Structure formats: structure tokens, C-alpha cells
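Notes for the structure review
Take a look at the letters that make up each chain.
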Amino acid sequence: DFSKAKLNFLRIPKPKDPNDRQTAHKYYNLAACYYYQHNFLKANLLYKKALVYNPQLYQAYNAWGSGLSNMGRYDEAIEKFEKALEMNPEYILARANIVIVLMMKEDNEGLEKACREFDKREEYNREQENLAMMFRKEKEILAKRILETKHPEEVHIM
């Protein structure tokens, strides 16, 4: 319930450390309460405050962008989503939000570009998956060679 969340937040002592990640998450969670109450302006102020305590909290940039898009501030929203992606290129939610905002904005050129980025990211993920599978196979072959060798010094790694 929103009033309980707000009351719990107000009980938190002021942080002494400007890089207090716990405080960042508390501001982030309180912002989410305002967001779900459709008070996007207040939510965005709190997401910004969370980023003061943890500038690496890429989820806050994404949520901030979502609040901006709900307020019709599409270009600013895309900037926040891109910032989240800059910090975590694998963050699919920010990538999807860009596509949604571009659709809302009816920006067909931007939408095509965003979709190409999705395709590139999927292809990259498949390549990484294939490399990981090849690595696991090589590791299994090496482990088998070691087990089959009577003298470990006979094992030659290529």
C-alpha cells in the first residue's frame, strides 16, 4: 500500500555516504509507488534522486524514461532509455521501451532503426551462445583427455 511504503521511507535515516546504494534503491522503490499512482512528475524526481546515490542504477533511467513517455515527452524518454542501454546493452526492457515510444511518436524512420538494433542484438546473443557452447565442448574434450592420460604432463593444450 502506498501510504505504508511512504511512511517506511520517511523512517529511513539520512545517509552519510553519497554513494549509498541502499538509499538509491529506497528512492527507486518510493518512486515506483508514485509511478503506479500515475504521479509521473514526483516519480521522476525520485528516480533522479536515486541516481544521485547510485549513478549506475540503469533501471532508474529506464523507469524515468517511462515516466517521461507517459507525460508525452518522447524525445527525453528516448534519451533516458538510451542511457540505460549505454550502461547495460543487454537491458531488453529499455530497448523495447524505445520501440514503444517511437510507435507512439509515429517515427517510422526511428522505428526501423530501433528494430534493426533489436535484430543485431539478437544475432549477437546467438553468436555468444554458440561461442559458449563451443567453449563447453572444448572444455569437455580437454577434461576427457586429462582423464584418459596416465601422466598429466602428456596433455598438450592447443
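Starting from 1, residues in each chain are numbered consecutively following that chain's sequence as written. Per-residue local features are limited, in this predicted model, to residues with pLDDT of at least 70; the limit for side-chain atom pairs, both in listing and counting, is 80 or more; totals at the level of whole chains, interfaces and linings are taken over all residues. For side-chain calculations, the full set of non-hydrogen atoms in the structure is used, while hydrogens and water are omitted.

**Some details on the overall build of the protein chain**
How we decide: For helices the rule is a DSSP run of H or I covering at least 4 residues; for strands it is a run of E covering at least 2, with both sets numbered from the N terminus onward. Note on exposure labels: buried denotes an accessible area under 20% of the residue type's maximum, exposed denotes more than 50%, and partly exposed covers the range between, all computed with a 1.4 Å probe on protein chains only. The contact definition used throughout considers only heavy atoms, calling two residues in contact when any of these lie within 4.5 Å. Only the protein chains shown count as cover for residues, with accessible areas throughout obtained via the Shrake-Rupley method and a probe of 1.4 Å.
Helices and strands together make up the secondary structure of the protein chain, namely seven helices and zero strands. The buried share among the 158 residues of the protein chain stands at 32%. Relative to all contacts within the protein chain whose residues are 6 or more apart in sequence, the contacts with residues 24 or more apart total 44%. Within the structure as shown, the protein chain displays about 11,300 Å² of accessible surface, and the carbon and sulfur contribution to it stands at 54%.

**Details of the side chain of Asn-54**
Of note, Asn-54 is situated in the loop between α3 (40-53) and α4 (58-70). Among all residues touching Asn-54, those that are not within four sequence positions of it are Arg-21 and Ala-24.

**Quick word on the packing of helix α5 (residues 74-87) against helix α6 (residues 92-105)**
How we decide: Convention adopted: a line fitted to C-alpha atoms gives each axis, helices being fitted over their contacting stretch, and angles between N-to-C directions are expressed from 0 to 180 degrees. Orientation labels follow simple angle bins: below 35 degrees gives roughly parallel, above 145 gives roughly antiparallel, 65 to 115 gives roughly perpendicular, and whatever is left gives oblique. What makes a crossing left-handed is the near helix being turned counterclockwise from the far one by less than a right angle; a clockwise turn instead makes it right-handed. Side-chain classes follow a simple rule in which Ala, Val, Leu, Ile, Met, Phe, Trp, Tyr, Cys and Pro form the nonpolar group, Asp, Glu, Lys and Arg form the charged group, and the remainder, Gly included, forms the polar group.
At a minimum axis separation of 9 Å, α5 and α6 run at an interaxial angle of 165°. Classified by the angle their axes make, α5 and α6 are roughly antiparallel. The element α5 and its partner α6 pack so that their crossing is left-handed. The segment α5 lies against α6, with Tyr-74, Asp-75, Ile-78, Phe-81, Glu-82, Ala-84 and Leu-85 engaging Ala-94, Arg-95, Asn-97, Ile-98, Val-101, Leu-102, Met-104 and Lys-105. For the contact of α5 with α6, the class distribution of residues is 10 nonpolar, one polar and four charged.

**Re the packing of aromatic side chains**
Note the cut-off: The pairing test for Phe, Tyr and Trp rings, Trp by its six-membered ring, is centres within 6.5 Å, and the orientation test on the planes gives stacked under 30 degrees, edge-to-face over 60, and tilted for anything in between. Placement of a positive charge over a ring is assigned whenever Lys NZ or Arg CZ falls within 6 Å of the ring centre and within 35 degrees of the normal to the ring plane.
Counted under the stated rule, the structure contains six aromatic pairs. Seen from their ring centres, Tyr-61 and Trp-64 are 6.1 Å apart, and the 20° between their planes marks the pair as stacked. Linking Tyr-61 with Trp-64, this pair stays in helix α4, spanning three residues, or about one helical turn. For Lys-42, the ring lying beneath its charged end belongs to Tyr-34, and the centroid distance is 5.6 Å.

**Some details on the pattern of salt bridges**
When the charged atoms of two side chains lie near each other, side chains of opposite charge can form a pair. So the rule is basically this: What makes a salt bridge here is a side-chain nitrogen of Lys or Arg within 4 Å of a carboxyl oxygen of Asp or Glu, nothing more.
Inspection of every chain in the model, using the stated rule, returns two salt bridges. Note that Arg-73 and Glu-76 form a salt bridge whose closest N and O atoms lie 2.8 Å from each other. Glu-76 sits in the partly exposed class, given a relative accessible area of 33%. In this structure, Glu-86 engages Lys-83 in a salt bridge whose closest nitrogen and oxygen atoms are separated by 3.6 Å. Taken together, the residues span about one helical turn, with Glu-86 and Lys-83 both in helix α5 at a distance of three residues. With relative accessibility at 59%, the residue Glu-86 sits in the exposed group.

**Quick notes on α4**
Keep this limit in mind: To estimate the expected span of a helix, subtract one from its residue number and multiply by 1.5 Å.
Taking 1.5 Å as the rise per residue, α4 with 13 residues should run 18 Å; its terminal C-alpha atoms sit 19 Å apart, in good agreement. By the criterion of burial, α4 is predominantly enclosed, with 10 of the 13 residues buried. Where α4 is buried, its residues contact α2 (21-36), α3, α5 and α6. Looking one or two residues beyond α4, the residue adopting positive phi is Gly-72, at roughly 80°.

**Section: the nonpolar core**
The condition is simple: As used here, the term nonpolar core means buried Ala, Val, Leu, Ile, Met, Phe, Trp, Tyr and Cys residues forming a set that is joined through side-chain atoms within 4.5 Å.
Membership of the largest hydrophobic core comes to 30 residues, with the highest contact counts inside it found for Leu-46, Tyr-47, Leu-51, Leu-57, Trp-64, Phe-81 and Ala-94. Broken down by secondary-structure element, the contributors of at least two residues to this core are α2, α3, α4, α5 and α6. Leave out the neighbours within four places in its chain, and Leu-51 touches Leu-57, Ala-60, Tyr-61 and Trp-64.

**Things to note about the packing of α3 against α4**
A pair of packed helices can be characterised by two numbers: the angle between their axes and the separation between those axes. Where α3 meets α4, the closest approach of the two axes is 9 Å, and the angle between their N-to-C directions is 160°. By the criterion of interaxial angle, the relationship of α3 to α4 is roughly antiparallel. In terms of crossing hand, the pair formed by α3 and α4 is left-handed. Counting all contacts with α3, which are made through Phe-40, Asn-44, Tyr-47, Lys-48 and Leu-51, the residues of α4 involved are Ala-60, Tyr-61, Ala-63, Trp-64, Gly-67, Leu-68 and Asn-70. Of the residues contributing to the contact of α3 with α4, the split by class is eight nonpolar, three polar and one charged.

All quantities given are derived from atomic positions and should not be read as evidence of function.
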